[in-house]
Amino acid sequence: MRQAPRSSAEIRTAFLDFFESRGHKRVPSSSLVPSNDPTLMFTNSGMVQFKEALIGSSRPGYTRATSAQRCVRAGGKHNDLDNVGYTLRHHTFFEMLGNFSFGDYFKEEAIAWAWEFVIEQLELAASALWVTVHPDDDESRRLWTMRIGVPKDRVIDHPDNFWTMGDVGPCGPCSEIFYDHGNVLEGGPPGSKDEDGDRYVEIWNLVFPQFDRSSDGALTPLKAPGVDTGMGLERIASIKQGVLGNYSIDAFASLMSAAERLLPQAKPSGVPLRVIADHIRSTAFLICDGVAPSNEDRGYVLRRIIRRALRYGYQCGAREPFFHALVAPLIESLSSAYPEIIDKKDNIEEAILREEVRFSRTLDSGMHILEDALDTLDGDELPGSVVFKLYDTYGFPADLTADVARGRGLSVDQQGFEREMRAQRARGRARTKFADDLDQRVVSDRCVEFTGYSEVAHMARIISLFRAGDDGITEVSELENGEKGIVLLDRTPFYAESGGQVGDQGLLVASGVRFCVSDTRKSGDQFLHDGVLEEGSLRVGDELSAEINAERRAHIRLNHSATHLLHAALKNVLGTHVAQKGSLVADDRLRFDFSHDQQVTQEELDHIESMVNQCIRENSCVETRITSFDEAIDSGAVALFGEKYDEQVRVLDMGNGFSVELCGGTHVARTGDIGVLKIISESAISAGVRRIEALTGEGACQWMRQTGNQIESLRALLKVSAGELTEKTESLLAERAGLSKSLEAVSSRLACKFAEDIAEGGRDVNGVWLVAKDVSEIVNDVEGIEIAELMDLVRACRQPSLVVLAQSTHGKLRLVAGRSADCTQFSARQALAYLGDMIGARGGGRDDFAQSGGGNASKLADALARLPTWAEMGH
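**Student:** Looking at this structure, I do not really get the confidence of the model for the protein. What am I missing?
**Tutor:** Regions with low pLDDT carry predicted coordinates that are not meant to be interpreted in detail. Of all residues in the protein, 92% attain a pLDDT of 70 or more, and the chain-wide mean is 86. Confidence drops under a pLDDT of 50 for residues 429–436, and excluding neighbours within four residues, the segment shows 7 contacts in the predicted structure.

**Student:** Before we go on, may I ask you to explain the sheet that holds strand S30 (residues 648–654) in this structure?
**Tutor:** Neighbouring strands of a sheet are bound in pairs by backbone hydrogen bonds; such pairs are parallel or else antiparallel. The sheet built from 3 strands is open, its strands ordered S29-S30-S31 with antiparallel pairing. The outermost strands of the open sheet, each flanked by one partner alone, are strand S29 (623–628) and strand S31 (659–662). Ignoring strand direction, the axes of neighbouring strands in this sheet form an average angle of 25 degrees. The pairing of S30 with S31 spans 4 bridges and is antiparallel. By the bridge assignment, Met654 is partnered in S31 with Ser659. Against the sheet, helix H15 (residues 550–574) makes contact with S30 and S31, and its axis sits at roughly 115 degrees relative to S31, the strand it touches most.

**Student:** Even after reading the chapter, I still don't get helix H18 (residues 697–718), so can you show me in this structure?
**Tutor:** Three- or four-residue spacings in an α-helix give side chains the same orientation, since the helix completes a turn every 3.6 residues. With 22 residues, H18 should cover 32 Å at 1.5 Å per step; its first-to-last C-alpha distance of 32 Å lies within 8% of that length. The first or second residue beyond H18 is Lys719, which carries a positive phi of 60 degrees.

**Student:** Got a minute to help me understand the environment of Asn619 in this structure?
**Tutor:** By the secondary structure assignment, Asn619 is in the loop between helix H16 (602–618) and S29. With relative accessibility at 31%, the residue Asn619 sits in the partly exposed group. Non-local contacts of Asn619, meaning those with residues more than four positions away in its chain, are made with Arg670, Thr671, Gly672 and Asp673.

**Student:** It is not clear to me how the packing of aromatic side chains should be interpreted in this structure. Could you clarify?
**Tutor:** The relative placement of two aromatic rings is captured by the distance of their centres and the angle of their planes. According to the stated counting rule, one finds 25 aromatic pairs in the structure shown. Aromatic side chains Phe19 and Trp113 sit 6.4 Å apart centroid to centroid with 85 degrees between the ring planes, which places their arrangement in the edge-to-face category. Pair noted here: Phe19 is in helix H1 (residues 8–20) and Trp113 is in helix H3 (residues 107–121), with a separation of 94 residues, a long-range link. When its relative accessible area of 14% is taken as the criterion, Trp113 is described as buried. Summarising the aromatic geometry, the rings of Phe450 and Tyr495 are spaced 6.0 Å apart at their centres and angled 70 degrees between planes, so their arrangement reads as edge-to-face. Of the two residues, Phe450 is situated in strand S16 (residues 449–450) and Tyr495 in the loop between strand S21 (491–492) and strand S22 (506–510); the sequence distance between them amounts to 45 residues. Taken together through their ring pairs, the aromatic side chains of Phe15, Phe18, Phe19, Tyr105, Trp113, Phe117 and Trp204 make up a single cluster. Arg22 extends its terminal NZ or CZ atom over the ring of Phe18, reaching a point 3.7 Å from the ring centre. Sitting above the plane of the Trp769 ring, Arg798 keeps its charged end 4.2 Å from the centroid.

Rules used throughout
- Residues numbered from 1 in each chain as written.
- Predicted model: local features only at pLDDT ≥ 70, side-chain atom pairs only at ≥ 80, totals over all residues.
- Heavy atoms only, no water.
- pLDDT = per-residue confidence, 0-100.
- Contact = heavy atoms within 4.5 Å.
- Pairing = 2+ DSSP bridges.
- Helix = DSSP H or I, 4+ residues; strand = E, 2+ residues; numbered from the N terminus.
- Axes fitted to C-alpha atoms, helices over the stretch in contact; angles between N-to-C directions.
- Expected span 1.5 Å × (residues − 1).
- Buried < 20%, exposed > 50% of the residue type's maximum accessible area, 1.4 Å probe, protein only.
- Phe/Tyr/Trp six-rings, centres within 6.5 Å; stacked < 30°, edge-to-face > 60°.
- Lys NZ or Arg CZ within 6 Å of the ring centre and 35° of its normal.

Here it is as structure tokens:
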């Protein structure tokens, strides 16, 4: 007798099998880093990889699909991070089961199959299920009540049941299935005033994109409406396993147990363990998909996730790295569904461990940065821009910055900080709006023929025109002279930016017409020729000649082919863990980013460069073939993880099997065409990611000639042979270091002598030796003496003491004050406040050390002369 699926793995398999048996193509989960949507921080739903198919701008080769998609909601608009651990259903990482139709079936089949799966496959009780529909979606309501037989009182109209992709573009109603846990939990049915309770939970959302929304809000029916559904695996698993929270299901059991063993002080099933068990899932899969902890964009969100988990671990007594030890139990529970994580185990553990070690130093280093900012502060308020930089660049919390500033008697420009944050969000929204606007407007029913593999110029017809202005992108029927715009052609030799290769430049010309193409990009299946109309006018339907800059393209081909050889050589020399993390293939250079956790030695670089140039000298034929994606991978071709590929792919073979990769870019005919490759730099760009920059062909030759000329100039200047340059340079540097050390010693002795002389000029005030002096001549004229260090030396000469020193440089004042440890009568901060009132200087600090700046230098001498009187009055 068949058992209803109960475990997470069984439910996942049952879902995919169910829809595959109904003509759906089983599509693997895409990367958590979206390849086709720059507006998203992370893949947050199953529809992300199918977005272009749903809006009709791309044809994937099938009209029905089903997938189990790994998702993260921890940044940007969709952010559950702060709720994780405090509720039983929020996660940063979760799995979304979905079925999709691209102009194939619609509501009738989607609703029928959804009900069939939950009733017959999952064997949920029909009496426990409720449904919501949009108030205007009469068709869905009729299908639920008349065909499926759901009682009318359990089909609820809900105004929120309407899905949109953006302000304009595809949209439509949705219908949700809810499960009623019964009166063991509080909460009301959907649509009621207490619907936010935990009793009724949404288990499946059926979205029906059937309209195109224009800028004025009008809804026009789409020619080919679609279906986009999503069922949260963790939520449905909790129902099938009879538990009331997602953290009690089998997928979390091993993680919670392992975390509890590592953190014996943790309360079982408490908030810290829930946070840690959830965060290891998102952390491991984000690293698996190529995200590295950093201070920017996705890397910053990953770092926040890791450090949030570590903070809870510390709360539970962890004083040694522990988080990386949870990777093994995670892989054990999810590797059958996502086998790609197995090969990345060591890299994931190492990346997490490095972050754990680094985090132990973060607070200390952040404090040093903040202290430096406070010590050089000109005034008594820390600017919002400084608070923002600490937060944005170093990850130092703004509230902690404010606490430290208050301890120094300073305030924080909170409004300025919030202004910087608003500006950052506005920049992000501007980028998002432009990308959304363009993707949703550039939709065509036809695929563009790309001819650039074999042609550099030919006739083409304009199929669409867009004007680019300050108010965004507008589709037009005509472009006038001087206007910036985007031209879509029925066929084009222009390569659109992709895979690291820059877009082609060139001209679209006809009699009396000249459109200068400055860049070529891609949106779905369409090629966007971006530029300005320099002469004449363009109309939809016009015929013209599309001509790329062939010389520029030739240089790009050299660099792209060299990039493939470089990638293969890196894997050969450094190891198979090397994976491409980014690239730039331009006409004047190439740049290649790759995973590697340490600096590449000069010996390794020489070996890599030699290996590439050996392939170039062999002058082997570069072979390309079109085959299916699966066949290409089975044959050993390298695919970039997270990149989106069509069913049919282009395989590029260079060096008789030395480099075999999937690539749609333009390349040389033979490896010898590259001429030569020269690596000019290797550096780190983030944790675990290195960057190599290189030149090819004539560019490499020019660089080598210039470098040779520079060496010859140095040789002549130093009067040595080229072979003796390194030894001579090392000798000069050692000599310079010795002189600097001697100068430092002399400066130190001078500073001590000056300090003694300055201290002698003080006076006793109520048992405290008071020194107040303008030391501008000393500090400005003697190299190596700083005013703060000089104050420390003067303070040490006599104790107890209060020392106030001033420096005027080009009319700009700086004052420092300090008291010895045994001086309790006076405050350095109050002494500077007194002087500040007289000369207009602003600053702050502590009782033992303070500084200020600004003010009127002409009043300094009189103010310093009055300081003893202030002290005698008992301040």
